[in-house]
Each structure stands twice: as structure tokens, then as C-alpha cells.
Amino acid sequence: HAHEEPHHVMAMLSYLGILFLIPLLMDKHHDEFVLFHLRQGIVMFALEVLASMLFWNRNAGDMLTFALIVVSLVAAYRTYKSEKWVLPIVGQYAQRIKL
């Protein structure tokens, strides 16, 4: 199956928190599929970190962090299924990242 190829696994790791470092540092080929998801994964990770730091309103920070994690898991699943899903809002910022 196409979704079992190594680059799809690397792309999927992009959405699993700090694991985005694995494709960033280890994937020497950096095909466009991996780069697309890696960019979005980096933005999602940054948003998750920022949301978890919302100490001024702990409940809002927890809810936002939870929502971002759910979106990341859905993105990882869709990536595993070989989809190139542009995340709302995140996608427009992600494509500006130069890798």
C-alpha cells in the first residue's frame, strides 16, 4: 500500500508533537509530501506549546491544547492515508517555512 511507504511514516510523525524532529533531522530525501506535512507539523507544535503556556486562564489553555492535539491526530491519520490536507489557518503560515 502507498500509505505504508517510509516517507508517509516520516510525514505522519510531523504531527506527533516533538516527534516532528525525526523527519526534520533524519529524512535525508525530504520529498515534497514530507516537507508539506513537516511544515504544518512545526506550526502545530508551536501552537500546542503556546496554548499550554496560557497560564492566565488555565481552562482556556487546556481546551485549546486539547483541540490542537485532536487536530494533530486527525492530520496524522489523514497523512497515513496519503492525504495532503491543508489545515485551516495553519496551512497558510506553514507554507512560508523554508526547509
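Residues numbered from 1 in each chain as written. Predicted model: local features only at pLDDT ≥ 70, side-chain atom pairs only at ≥ 80, totals over all residues. Heavy atoms only, no water.

A. Representation of the side chain of Thr79 within the structure. Here Thr79 shows up in helix H4 (residues 58-80). When its relative accessible area of 0% is taken as the criterion, Thr79 is described as buried. A polar contact of 3.2 Å, which involves the side chain of Thr79, links it to the side chain of His37. With sequence-adjacent residues up to four places away left out, Thr79 is seen in contact with His8, Ala11, Met12, Tyr15, Phe33 and His37. (Helix = DSSP H or I, 4+ residues; strand = E, 2+ residues; numbered from the N terminus. Buried < 20%, exposed > 50% of the residue type's maximum accessible area, 1.4 Å probe, protein only. Polar contact = N/O pair within 3.5 Å; in protein donor to acceptor, adjacent residues only side chain to side chain. Contact = heavy atoms within 4.5 Å.)

B. Representation of unusual backbone geometry in the model. The residue Ser82 is not glycine, and still its phi comes out positive at about 70 degrees. Inspection of the secondary structure puts Ser82 in the loop between H4 and helix H5 (90-94). For Ile89, which is not a glycine, the phi torsion comes out positive at approximately 65 degrees. Mapped onto the elements, Ile89 comes out in the loop between H4 and H5.

C. Looking closely at the pattern of salt bridges. Under the defined criterion, the tally for this structure stands at 2 salt bridges. Here Glu32 and Arg39 are joined by a salt bridge, their closest N and O atoms 3.7 Å apart. For Glu32, a relative accessible area of 44% corresponds to the partly exposed category. Arg78 serves as the salt-bridge partner of Glu83, at 2.7 Å between the closest nitrogen and oxygen. Given the relative accessible area of 27%, Arg78 is considered partly exposed. (Salt bridge = Lys/Arg side-chain N within 4 Å of Asp/Glu carboxyl O.)

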